[in-house]
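This is what each chain is made of:
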Amino acid sequence: QGLRPSWRFVSACSQREERGFSLQQMNQWTLHQTDAHYHKFLVELYAMAIGKYFIGVTYTNVSWFVYFMRQQDPSTFEILSTPGTENREPLEWW
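Since the structure is predicted, the reported quantities are computational estimates derived from the model, not experimental observations.

Chemist: What exactly am I supposed to notice about a nonpolar patch on the surface here?
Modeler: A contiguous nonpolar surface patch, about 280 Å² in accessible area, is contributed by Tyr53, Ile55 and Leu80. Note on placement: Leu80 falls in the segment after β2 (77-79).

As C-alpha cells, then:
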C-alpha cells in the first residue's frame with residue numbers, strides 16, 4: 001500500500017433501487033421527496049467542490065458545476081475520456 005491513498009466512497013443515495021434522477025417523475029413527488037432530492041443534490045455538489053481531487057465525465061452538468069465551484073489548482077480536476085469527445089477542447093463540450 002505504501003504511498004497509495006486510502007479511498008472511501010460514500011453515497012448520499014437511498015438504499016432502495018433507483019434509476020437516477022428523472023425530471024418527468026418530479027411532478028409526482030411529495031414536498032418531502034422534493035426537499036430530500038435537493039438536499040442530496042446540494043450535499044453532493046458541496047462534497048465534490050471541496051474534495052482534494054475530482055474525477056468527472058463530460059456528459060453531465062454536475063461535473064461542470066463542480067469545476068466552476070472548485071477553488072483548488074485545476075490539476076486536481078480530471079475529466080475522463082468520454083467516447084465521442086476525442087480531439088475536442090474541454091470548453092467545446094459545453
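Anyway, onward from the coordinates.
Chemist: Mind showing me how you'd approach the packing of aromatic side chains here?
Modeler: Here a ring pair, both rings aromatic, is described through the centre-centre distance and the interplanar angle of the planes. Scanning the entire structure with this criterion turns up five aromatic pairs. Seen in terms of ring centroids, Phe54 and Phe77 are 5.1 Å apart; in terms of plane orientation they differ by 15°. Their pairing is stacked. Highlighted residues: Phe54 in strand β1 (residues 54-56) and Phe77 in strand β2, separated in sequence by 23 residues. Looking at Phe77, the relative accessible area reads 10%, which means it is buried. With centroids separated by 5.0 Å and ring planes inclined at 80°, the aromatic side chains of Tyr67 and Phe68 adopt a geometry described as edge-to-face. Residue classification places Tyr67 among the partly exposed positions, given a relative accessible area of 34%. On the accessibility criterion, Phe68 (51% relative accessible area) is exposed.

Chemist: When you look at the side chain of Thr34 in this model, what are you seeing that I'm missing?
Modeler: Looking at the secondary structure, you find Thr34 in helix α1 (residues 31-50). For Thr34, a relative accessible area of 18% translates into the label buried.

The rules behind these values
Residues numbered from 1 in each chain as written. Predicted model: local features only at pLDDT ≥ 70, side-chain atom pairs only at ≥ 80, totals over all residues. Heavy atoms only, no water. Patch = residues over 30% accessible without salt bridge, like charges linked within 9 Å, V, L, I, M, F, W, Y side chains within 5 Å. Areas by Shrake-Rupley, 256 points an atom, 1.4 Å probe, with all protein chains shown as cover. Salt bridge = Lys/Arg side-chain N within 4 Å of Asp/Glu carboxyl O. Helix = DSSP H or I, 4+ residues; strand = E, 2+ residues; numbered from the N terminus. Phe/Tyr/Trp six-rings, centres within 6.5 Å; stacked < 30°, edge-to-face > 60°. Buried < 20%, exposed > 50% of the residue type's maximum accessible area, 1.4 Å probe, protein only.

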